[in-house]
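Given next are the chains, with one letter for each unit.
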Amino acid sequence: MNNIRLRFPPSPTGKFHIGSARTALFSYLYARKMGGTFVLRLEDTDQSRSTKEFEENIMEGMEWLGLNWDEGPIPGTNKYKGDFAPYRQIERFREGLYQPYIDKLFKEDRAYYCYCTPEELEEEKKAQAEKKEAPKYTGKCRECSKEKIEQYEKEGRSKVVRLRLNPEIIKYKDIIKGDIEFDMALYGDPVIVRSDGMPLYNFVVVVDDLTMKITHVIRGEDHISNTPIQIAIYKALGAGVPEFGHLPLTLTPDKKKMSKRFGDISIDKYKKEGYLKEALINFAALLGWSSGTEQEIYSKEELEKVFSLARVQKSNAIFDVERLNWLNGVWIRKLSLDRITAECIPYLKEAKLINDDFDRIYVEKVISLVKERLKILSEVIDLTAYFFKDLVLNPEKLVFRKSTIETTKQGLEDVIILFEDTPMSKWPLNVDEMNNLMNEAKNMHNLSNGDVFWPVRYALSFSEASPSPAELLTVLPKEVSLKRLKAALKSLS
RNA sequence: GGCCCCAUCGUCUAGAGGUCUAGGACGCCACCCUCUCAAGGUGGUAACACGGGUUCGAAUCCCGUUGGGGCUGCCA
């Protein structure tokens, strides 16, 4: 490993969703591509919104997707791996890791206490709005006299720490967006420590990235306007800045930032519905990145080799579930029968189609018939229920649209005769032999395909859309097939 | 409102001045295959936001307009 270091710093205030997964993925891929280190850091300074449940949800989601971090929390423990532990900001705060940096800012007069009350600030803002000015903190407490401070302290006023911003132009070269510059005169001095003593995001993120030796900050473009403040803090601390790269956002279909509606698109929800991690990774990678070739299907391993930030799109991308569905189907078809069977079993169990002592061989045969018809794993329930139990037979549907009741009955009768004549020892025949047998039945009374194949298929599957009758016959036990065919025949008289 | 980012088919995108009567993929439609569905095959639908420049030549460069998004918190 070289000294290239990237981090993914979620705040555990919501579930892991597609948007944050993509951000994590891009950092992860870049780290892997460059042979660097990928760090997971939990940004939990907002204790009122952070929860253990969300932490677990995020880490489980990342592990499931295979976004393995080299440094960070070890799930299910309070331990960490990596040389810069702890990797939870609340613990870093408790260990006093941020204080020296705050002290340094005070010492160099880059920080000061602000005693303004929320009401005062609100009033200030209102006045600015009336004058059509940009709302920002005016810097009232910047040059507070000793007497004033003493008075405030006597009053027992609470205070925050603000960073003294220089009225300068701050520019940086974004890896993805290019040159960006800000007029800091337009910003008010930001709060870096809350009145309860807890340092705030813009400050801790800088200290952590600095102390964790992060070299590349890859994050969503919703952080672009935070970047100049953070650069100001780096400079005030006398530190060099890392490279910044701001990813275009993943927008919901109504074009809103995803994190504002994460509940709809959380990773665990997609997992539960039956999306494969391969499909989710492939999908997320293609949201804002392309290889420049016409290849669309990528495994994570391939992406680790070909990913580059230079080919990341500048504009926002809208989440399109149709495309995800297609990719999921592609991956279901691409992956091994064994793997897909394993993925399907929980759904079959939940639907009570199988229990704990199910026949794995049989289930695998069943899955083999529906594998290429599956787009989402949960569909396996409806697609295969008739392999495990009888469903409702609708006699009208037994008759093909070009057939009659008479020819349909004849077809079923002839098929039953031929099946019964086939010795159990030869059953099941293979697909070709099954087809031959049904063709033979068809020829007995000069029937058409629809007189034989359709009713057999419907009788066996109780469905108008299913695998071919020959395939069904090779998988269903002979006695079940015969029973269903006879029941179908009977329903027509 | 202010600041910032962005702008190719409905969606994801290729395109880094001439190879663009703009390519691929998803979706949709049609046809083929066919007892059905799916898969597969073939074909089709559909875009350079607008206006000025620069240039012999612009989807590509510049400016403006419009549109979209983000930020504007003692959230991250």
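Per chain, residue numbering runs from 1 following the sequence as it is written. Each chain gets a letter, beginning with A, and each ligand a number, beginning with 1, in the order they are written. It should be noted that, the model being predicted, local features are given only for residues of pLDDT at least 70 and side-chain atom pairs only at 80 or more, the latter also being counted only at that level, while totals for whole chains, interfaces and linings use all residues. Values reported for side chains reflect all heavy atoms of the structure, with hydrogen atoms and water molecules removed beforehand.

Attention now goes to the overall build of chain A. Secondary structure elements follow DSSP: runs of H or I of four or more residues count as helices, runs of E of two or more count as strands, with numbering from the N terminus. In terms of regular secondary structure, chain A is built from 20 helices and 13 strands. The reference for a compact globule is 2.2 Å times residues^0.38; the radius of gyration itself is calculated from the C-alpha atoms. Taking 23 Å as the expected radius of gyration for a compact globule of 493 residues, we find that chain A reaches 32 Å, considerably beyond that expectation. Taking the principal axes of the C-alpha coordinates as reference, chain A spans close to 110 × 50 × 40 Å. Type-normalised accessible area, obtained with a 1.4 Å probe on protein chains alone, sets the label of each residue: buried when under 20%, exposed when over 50%, and partly exposed for intermediate values. Classification of the 493 residues of chain A by burial places 50% in the buried group. Residue contacts follow a heavy-atom distance rule, with two residues in contact if any of their heavy atoms lie within 4.5 Å. Sequence-distant contacts in chain A: of pairs separated by 6 or more residues, those separated by 24 or more amount to 73%. Per-residue accessibility takes into account occlusion by the displayed protein chains alone, with areas from the Shrake-Rupley method and a 1.4 Å probe. Accessible surface, chain A as shown: approximately 23,900 Å² in total, 50% of it carbon and sulfur. The centroid of the 75 positive side-chain charges in chain A is displaced by 2 Å from the centroid of its 76 negative side-chain charges. Charged residues are defined here as Lys and Arg on the positive side and Asp and Glu on the negative side; His and the ends of the chain fall outside this count. For charged residues, the charge sits on one atom: NZ in Lys, CZ in Arg, CG in Asp, CD in Glu.

Now for the side chain of S466. Within the secondary structure layout, S466 lies in the loop between α18 (449-461) and α19 (469-475). One polar contact links S466 to R457, side chain to side chain, over a distance of 3.0 Å. In contact with S466, not counting residues within four places along its chain, are R373, Y386, R457, S461 and L472. Contacts described as polar in this section are N or O atom pairs within 3.5 Å, which, within protein, must combine one atom able to donate a hydrogen with one able to accept it, while residues neighboring in sequence count only if both atoms come from side chains.

With 68 residues, the main nonpolar core has F16, I18, M62 and L65 as its most contacted residues. Element by element, the count of residues in this core is highest for helix α1 (residues 18-34), at nine residues. Dropping the residues within four chain positions of it, I18 is found in contact with M258, I265, I267, Y270, L280, F283 and F319. With 38 residues, the next largest nonpolar core counts Y386, F400, A441 and L447 among its residues. Nonpolar core, defined: a set of buried Ala, Val, Leu, Ile, Met, Phe, Trp, Tyr and Cys residues in which side-chain atoms within 4.5 Å join the residues together.

Proximity criterion: a residue is near a molecule or strand once any of its heavy atoms comes within 4 Å of it. Within the structure, RNA strand B sits among 63 residues, and T45, R194, E372, R373 and N449 are positioned closest to it. When atoms of RNA strand B within 4 Å of the protein are sorted by moiety, sugar and phosphate together comprise 76%. T45 has a polar side-chain atom sitting 2.3 Å from a phosphate oxygen of RNA strand B. Between RNA strand B and E322, the relevant distance is 3.4 Å, taken from a sugar or linking oxygen to a main-chain nitrogen or oxygen of the residue. Those elements giving two or more residues to the surface near RNA strand B turn out to be β8 (178-183), β13 (317-318), α12 (321-334) and α18. Among the elements that line the surface near RNA strand B, the one with the most residues is α18, at five residues. When residues are sorted by character, Ala, Val, Leu, Ile, Met, Phe, Trp, Tyr, Cys and Pro go into the nonpolar class, Asp, Glu, Lys and Arg into the charged class, and all the rest, Gly among them, into the polar class. Of the residues contributing to the surface near RNA strand B, the split by class is 21 nonpolar, 15 polar and 27 charged.

Most of helix α10 (residues 277-285) sits out of view: eight of its nine residues are buried. Within the sequence span of α10, burial applies to E278, A279, L280, I281, N282, F283, A284 and A285.

Our next topic: the environment of L121. Tracing the chain through its elements places L121 in helix α5 (residues 118-130). Owing to a relative accessible area of 27%, L121 belongs among the partly exposed residues under this scheme. The spatial distance from the C-alpha of L121 to the C-alpha of P100 is 28 Å, given a sequence separation of 21 residues.

In this section: the packing of aromatic side chains. Think of it this way: a Phe, Tyr or Trp ring, Trp meaning its six-membered ring, pairs with another when their centres are within 6.5 Å, and the plane angle makes it stacked under 30 degrees, edge-to-face over 60, tilted otherwise. Evaluated as defined, the whole model comprises 17 aromatic pairs. Ring geometry for Y172 versus F244: centroids 5.6 Å apart, planes at 75 degrees, classification edge-to-face. One end of the pair, Y172, is in strand β7 (residues 169-174); the other, F244, is in strand β11 (residues 243-247), with 72 residues separating them in the sequence. This pair shows no difference in class: Y172 is buried, exactly as F244 is. The interplanar angle of 45 degrees and the centroid separation of 5.4 Å between the aromatic rings of F400 and W454 together place this pair among those described as tilted. Pair noted here: F400 is in the loop between α15 (380-384) and α16 (405-421) and W454 is in helix α18, with a separation of 54 residues, a long-range link. This pair shows no difference in class: F400 is buried, exactly as W454 is. Whether a charge lies above a ring is judged from NZ of Lys or CZ of Arg, which has to be within 6 Å of the ring centre and within 35 degrees of the ring normal. Seen from the ring of F26, R22 lies directly overhead, with NZ or CZ sitting 5.2 Å from the centre.

This paragraph deals with unusual backbone geometry. Going from A85 to P86, the amide bond is cis rather than trans, its omega being -5 degrees. The amide bond that connects W427 to the next residue, P428, takes the cis arrangement and shows omega of -5 degrees. The residue P428 is located in the loop between α16 and α17 (431-444) in this model. Even without being a glycine, D109 presents a positive backbone phi close to 60 degrees. When you line up the elements, D109 lands in the loop between α4 (99-107) and β5 (111-114). Note on D109: relative accessible area 44%, which makes it partly exposed. Of note in the backbone geometry, K213 takes a positive phi value of approximately 60 degrees without being a glycine. As for its position among the elements, K213 is in the loop between α7 (201-211) and β10 (216-220). Classification of K213 as exposed rests on a relative accessible area of 53%.

Okay, the pattern of salt bridges next. By salt bridge we mean one thing: a side-chain nitrogen of Lys or Arg within 4 Å of a carboxyl oxygen of Asp or Glu. Here the structure, examined in full by the defined rule, presents 34 salt bridges. Across the salt bridge formed by E153 and K159, the nearest N and O atoms sit 3.4 Å from each other. Classification of E153 by relative accessible area gives partly exposed; the value is 37%. Linked by salt bridges that have partners in common, R7, R41, E43, R92, D208 and D209 make up one network.

For the rest of this paragraph, the subject is the confidence of the model for chain A. Scored by pLDDT, chain A has a mean of 95; 99% of the residues are at 70 or more. Our summary of model confidence lists the complex with pTM equal to 0.96 and ipTM equal to 0.96. Scored from 0 to 100, pLDDT records how confident the predictor is in each individual residue.

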